[in-house]
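Each chain, letter by letter, is given below.
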Amino acid sequence: MSTTSSSTLNIIGISGSLSADAATTRLLAVALDGARSEGAVTNMIDLREWDLPFCDGRDDVDSYTPRVQELRQLVRSSHGILLASPEYHNSLSGVLKNALDLLSSDEMSGKICGLIGVAGGGHGAINALN
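Below is a summary of the structure that appears in this document.

About the criteria used
- Residues numbered from 1 in each chain as written.
- Predicted model: local features only at pLDDT ≥ 70, side-chain atom pairs only at ≥ 80, totals over all residues.
- Heavy atoms only, no water.
- Helix = DSSP H or I, 4+ residues; strand = E, 2+ residues; numbered from the N terminus.
- Rg over C-alpha atoms; globule rule 2.2 N^0.38 Å.
- Buried < 20%, exposed > 50% of the residue type's maximum accessible area, 1.4 Å probe, protein only.
- Contact = heavy atoms within 4.5 Å.
- Phe/Tyr/Trp six-rings, centres within 6.5 Å; stacked < 30°, edge-to-face > 60°.
- Lys NZ or Arg CZ within 6 Å of the ring centre and 35° of its normal.
- Salt bridge = Lys/Arg side-chain N within 4 Å of Asp/Glu carboxyl O.

## Focus: the overall build of the protein chain
From N to C terminus, the protein chain includes five helices and four strands. Reading the protein chain from its N end, one meets helices and strands in the order β-α-β-α-β-α-α-β-α. Its C-alpha atoms give the protein chain a radius of gyration of 15 Å, near enough to 14 Å, the size a compact globule of 130 residues would have. In terms of its C-alpha atoms, the protein chain occupies a principal-axis envelope of roughly 45 × 40 × 25 Å. Burial analysis of the protein chain (130 residues in total) assigns 37% to the buried set. Taking all contacts inside the protein chain whose residues are at least 6 apart in sequence as the whole, residues at least 24 apart take part in 71%.

## Quick look at the packing of aromatic side chains
Inspection of the entire model under this criterion finds zero aromatic pairs. Here R58 stacks its cationic end above the ring of Y64, 3.9 Å away from the centre of that ring. Note that R67 overlies the ring of W50, its terminal NZ or CZ placed 3.6 Å from the centroid.

## Some thoughts on the pattern of salt bridges
Side chains that differ in sign of charge can pair as their charged atoms come close. Inspection of every chain in the model, using the stated rule, returns eight salt bridges. When the shortest N-O distance is used, the salt bridge between R72 and D62 registers 3.3 Å. Here R72 is found in helix α2 (residues 66–76), whereas its partner D62 is found in the loop between β2 (41–46) and α2, with 10 residues between them in sequence. Between R76 and E107 there is a salt bridge, with the nearest N and O atoms lying 2.7 Å from each other. Taken together, the positions of R76 in helix α2 and E107 in helix α4 (residues 105–108) put the pair 31 residues apart, joining distant regions of the chain. Here E107 falls in the buried class, since its relative accessible area comes to 0%. Sharing partners across several salt bridges, the network here consists of D62, R72, R76 and E107.

Written out as structure tokens, the structure reads:
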């Protein structure tokens, strides 16, 4: 296994679907495979497996669970983020919204960001992407 150089991009993908065998998670995996084939180091967070607490607006964000701290650190250490969500009721999924609410501008600042939306119908996931 080769070591990572300082110029290697670190891309994190966050899947906001709780469905088993979700198309959202599968599409995110394809996108991360593409980034990896271009030399990026990738990491996928499947929120189905993370059991994050609800964001409650507390002032002391360090008092959240270790899993939240891990999420914050992974995002903070990445160069870019791919956010993937199904469209639920004309919006992104609640679990992805909650994960984003647990992050702050400290973790998100300076990141490149890609969006993946999954929905049926003629308009796709345009509302979730907005």
